[in-house]
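Coordinates in review
Residues per chain, in single letters:
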Amino acid sequence: MSDLATLQVHGTIGVLRIHNPPVNALSPGVVQGIKNAVDQFEADRTLQALVVHAEGRTFVAGGDIAEFSKPGFEAKTYNSTLARIESLDRPVIAALHGTVLGGGLELAMACHYRIAAEGTRLGLPEVLLGILPGSLGTQRLPRLVGVRLALDMILSGKPIDAAKALESGLVDALVEPAGNDRLLERALAYAQELLAAGKGTRRTRDRTPAMEGIEPDFFDKALTEAKTKKAAYPAPQRIVRCVEAAATLPFEEGEAVEATLFEECRVSPQSVAMRHLFFAERAAGKIPGVPTDFTVRPMRKVGVLGAGTMGGGIAMNFANAGIPVTIVETNSEALERGLGIVRKNYEASAAKGKLRPDDPAKRMALLTGSLNIEDLADCDLVIEAVFENMDIKKQVAKQLGDVCKPGAIIASNTSTLDVNILAQASGRPADFLGTHFFSPANVMRLLEIVRGDATAPDVLGTVVKLARTIGKVPVVSGVCYGFIGNRMLEPYLRESEFLMMEGATPAQIDAAIQSLGLPMGPCRMLDLAGLDVAAKVVIERGKAGGLPDDPSYRAVVQKMMEVGRFGQKTGAGYYRYDGRTPVPDPEVERICVALAEQHGIARRNSSDISDEEIIERCVYPLINEGVKILEEGIAYRPGDIDLVWVNGYGFPDFRGGPMHMADAIGLQKIAARLDHYGAERDDRHDYWSRAGLLTEMITGGRSFADWPFK
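Keep in mind that what you see is a predicted model, and the values were worked out from it rather than measured.

Here we look at helix H13 (residues 332-351)
Taking 1.5 Å as the rise per residue, H13 with 20 residues should run 28 Å; its terminal C-alpha atoms sit 28 Å apart, in good agreement. When we look at burial in H13, the residues that qualify are Ala-334, Leu-335, Gly-338, Leu-339, Gly-340, Val-342 and Tyr-346. Buried residues belonging to H13 abut helix H12 (309-320), strand E11 (325-328), helix H14 (359-364) and strand E12 (367-370). At the N-terminal end of H13, a side-chain oxygen is found 3.2 Å from the backbone nitrogen of Glu-333, two or three residues along, and the residue is Asn-331. With its phi angle positive at about 85°, Gly-353 sits one or two positions after the end of H13.

A look at the environment of Ala-423
Inspection of the secondary structure puts Ala-423 in helix H16 (residues 419-426). Ala-423 sits 144 residues away from Gly-567 along the chain, and the two C-alpha atoms are 34 Å apart. Not counting chain neighbours up to four residues away, the residues in contact with Ala-423 comprise Arg-428, Pro-429 and Phe-432.

Description of the sheet that holds strand E4 (residues 92-96)
Strand order in this open sheet of 6 strands is E1-E2-E3-E4-E6-E9, and the pairing throughout is mixed. With one partner strand each, in any of the chains shown, strand E1 (5-10) and strand E9 (173-175) form the two edges of the open sheet. If you compare each strand with its neighbour and ignore which way they point, the axes differ by 25° on average. Looking at chain direction, strand E3 (residues 49-54) and E4 are connected through 4 bridges and run parallel. Note that in E4 the partner of Val-52 across the bridge is Ala-94.

Let's talk about the nonpolar core
Within the largest apolar cluster, 79 residues are counted, with the highest numbers of intra-cluster contacts made by Ile-484, Tyr-574, Ile-641 and Trp-645. Per-element accounting of this core gives the leading share, 10 residues, to helix H24 (residues 611-632). Beyond its immediate stretch of four places on either side in the chain, Tyr-574 contacts Glu-497, Met-500, Pro-506, Cys-523, Leu-526, Asp-527, Leu-531, Val-556, Val-557, Met-560 and Val-588. Formed by 67 residues, the second largest nonpolar core is a distinct cluster that contains Ala-5, Leu-50, Leu-88 and Ala-110.

Describing the pattern of salt bridges
Per the counting criterion, the structure on display carries 52 salt bridges. With a shortest N-O distance of 3.5 Å, Arg-300 and Asp-380 are connected by a salt bridge. Highlighted residues: Arg-300 in the loop between helix H11 (269-283) and strand E10 (302-305) and Asp-380 in the loop between E12 and strand E13 (381-384), separated in sequence by 80 residues. Arg-356 is paired through a salt bridge with Asp-359; the nearest N and O atoms lie 3.6 Å apart. Judged by its relative accessible area of 54%, Arg-356 falls in the exposed class. Several salt bridges converge on common partners, so that one network encompasses Arg-494, Glu-495, Glu-502, Arg-604, Glu-613, Arg-617 and Arg-681.

Digging into the packing of aromatic side chains
The final tally for this structure, using the stated rule, is 13 aromatic pairs. On the basis of an interplanar angle of 85° and a centroid distance of 5.2 Å, the ring pair of Phe-278 and Phe-279 is categorised as edge-to-face. With a relative accessible area of 26%, Phe-278 lands in the partly exposed category. On the accessibility criterion, Phe-279 (30% relative accessible area) is partly exposed. Ring geometry for Trp-707 versus Phe-709: centroids 5.0 Å apart, planes at 65°, classification edge-to-face.

What to know about helix H21 (residues 531-543)
Its 13 residues place the ends of H21 18 Å apart at the C-alpha level, agreeing with the 18 Å of an ideal helix rising 1.5 Å per residue. Among all positions in H21, only Leu-531, Asp-532, Ala-534, Ala-535, Val-538, Glu-540 and Arg-541 are buried. Those residues of H21 that are buried lie in contact with helix H15 (390-403), helix H18 (485-502), helix H20 (522-529) and helix H22 (555-562).

Notes on the sheet that holds strand E7 (residues 121-123)
Taking strand neighbours across the sheet as the criterion, the 3 strands line up as E5-E7-E8 in an open arrangement whose pairing is mixed. Of all the strands in the sheet, just strand E5 (99-101) and strand E8 (160-161) have a single pairing partner and so form its edges. With 3 bridges joining them, E5 and E7 adopt parallel strand pairing. In the sheet register, Val-100 faces E7, and the bridge partner there is Leu-122. Along the sheet face, helix H3 (residues 103-110) touches E5 and E7 and points at about 85° away from the line of E5.

Cut-off values and rules
- Residues numbered from 1 in each chain as written.
- Predicted model: local features only at pLDDT ≥ 70, side-chain atom pairs only at ≥ 80, totals over all residues.
- Heavy atoms only, no water.
- Helix = DSSP H or I, 4+ residues; strand = E, 2+ residues; numbered from the N terminus.
- Expected span 1.5 Å × (residues − 1).
- Buried < 20%, exposed > 50% of the residue type's maximum accessible area, 1.4 Å probe, protein only.
- Contact = heavy atoms within 4.5 Å.
- Polar contact = N/O pair within 3.5 Å; in protein donor to acceptor, adjacent residues only side chain to side chain.
- Pairing = 2+ DSSP bridges.
- Axes fitted to C-alpha atoms, helices over the stretch in contact; angles between N-to-C directions.
- Core = buried A, V, L, I, M, F, W, Y, C linked by side-chain atoms within 4.5 Å.
- Salt bridge = Lys/Arg side-chain N within 4 Å of Asp/Glu carboxyl O.
- Phe/Tyr/Trp six-rings, centres within 6.5 Å; stacked < 30°, edge-to-face > 60°.

Keep in mind these values describe shape, not function.
Okay, here's the thing in C-alpha cells:
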C-alpha cells in the first residue's frame, strides 16, 4: 500500500510522489505512504527541500469519503502528518495541477510554498457533503487568503481558479500547463531558486489571518445568515464558528474547535444522507448489461427536433459543452422565437457575470436553425422534443428512423410515453432510447435515460457518458408509465387532490410538504408547471387505458383545466396570483366542494386534517411506488430513485431522497400507515396495497441501505 505515496530523490531535492489513480484520493494507503515518505525525508539530511507532487491528471482531489462512514473514523493520522510537514526545517513546495480539493488543498496549505499550473482549480467542497474541512482547512485557509474569502470558499464549496488563487495568496506562482513532467521540472527549479535566495520554511500556522474590511459584527451576521438560510444543514453554522476561531484564537485552540465541530457534522443524519447521494451518483453509472469496455459512439454533432421551451433548453446543454447543434422547426416564426429565447438566456447569464462577455456569441454560433428535417442526417444523436402526444411522437420517430444516418442514436424527450412503442415506430429500436430532460432543461441536473427493451448496450452507455459531459446526473430507468420520477409522482398528486376534495386547502397541503424541506408543495408545483399540461397527461393516460376505474381520480386538475385555471401563467390555478405571489382563492374551495359532492366524498373541516396525515398520505404512497419500481427492475438501485427525486423534483438532499428517508422513518411504520389508510378508506382501487418487496424487507429485517440483497 505504501507505493501509493513514495519518496524519490532528485539530486538534493526530495519528491513526495503520490500515485493513486484516477484522482489521487486520500485512501488510508496514501496517508500511510505520505507518513512514510515524511519519515524518510526527515531522516535524510542530504536533502535540502521537499516537493509534493501527484502523478496523473490531477493533484489530490480529496479524501476517501467512504472512510467517513466507518466506525472509529478519525483524521488524527493525516492531520498529524500535515503538522509534521508544516514543521519540517527545510522548505516544502506543493506542485499543483488539475483539481486541488478538500484534503488535497489541506495538504497543499500545510506546505510552505505552492506553485500551480494554469487552469488548476482549488477548493474545499466538504459543505456539499454536510461536513466541514476536518484537516485544518478552516484554520489554514483564512491565514492564507483572509477571513472573508476563506469563509466564502468554505461555505459555498465552490473552487477558485489558479489566477484567483495567485491573486489571493493561496499560491505563490503559476506555470504554463505543459504536462505533469514539466510541472515537476518547474517545481524542482522553484525549490532551487528558493534555496539560492536563502528562503527557508514559511509555516501557514504562524500567519495572522487578514481581517481587512471585517466589521465587528461580521461573524454574528454570518452566523445569523447560516441559521436563517441553511438551518436544515449541519455544516454552515459550524463553519462560521471555525473560521471565527481561526481569526480570534491561537492555532492550537482553533484546531480543537474544528475537530469537535467536524465530528458533530460527520455523525449527523443530514451528512449521512448527503454522503449517500454522493455514492449513489457514482453507482448510477454502473449499468447492468453495459460492459465497462464498450466502444463509445462519437458525438461530433447533435440534432434537436423542436425549438420550444424544452427543445431550446436541450440544445443549450450541448452548446455549453462545445458540441454543435442543429435545431429543426416546422416554421420560421417558431424557429426564430426559440433561438431568440436561447440568445436571451445566454445574454442574461452574461449580464449576471455567469458567462464571459463573448460567451453568448460563441455558443449561439454552435446553434444552426433549420426548417428541413433532412438537415439532421449528419447528426450523431437526434433528440425529438415535440408535443407529448403518442400519435405525434410515433410519426416523428418514423421520420427520424428514415432520415438519420446509420449508427446515429435517436432519442425521445418524453416524460410518460411508452419508449418501446416509439422505438418500434422508428424502425431502428436498437438505436433508440428515451431522454427525459427536466424543465428548465438547461438548468435542471437530472437526465432520466429510458432503456427500451431493444436499446443496444453501447447506445445506452454512450448516452450515460454524454450526460455527464453536458453536466447532467444520468439515471437509467426501464419502460413503464412515467418511468421512475413521474410514476412515483402520480400517487403523491392523487392524494393531494383527494385531500383537497376532503377539505384541506392548497396552502395547508403545501405547507405540510414544505416542512420536509421541499421548495414547494404539490399545488404550487403544478401551478408553476401548468395545470393544463398536468391535466393533459392524465387525459392521455386515460386514452391509453392506464387510469383506474374511478371517476374521482385526478378530478381536481381536470376540472381546473376545464374552467381555464391553468396556473401561474393565467393568474389562477390552485391559487390566485398577484404577480408570482400565490394567494389563497375561495373559488378553489367551491370547486372542490362541488367535486366532493359529485363523487360522494365526505368533507371535513380543514382543521381536522393534520400535517402528519398530509405527509403520510402524500409521501408514503410515493415511497411504496418506489419499492414497486425496484421490485419490477424499473430502477436498478434505491439510490437511483433518490437521485431522481433530489435532482429532478427538489427533494431535500439533507434527507437523502425518499428511499433513504424511508429507512430513517422505519419501513414498519410506513407499512403500518399504508395498511391503516387502506382499511380506513375502503381501498377498492388498490391505492394502498403494500409492495410485496416492502413486506419481504420488513420480514427479513432489511433496509434500503442493505441493497443489493443477497
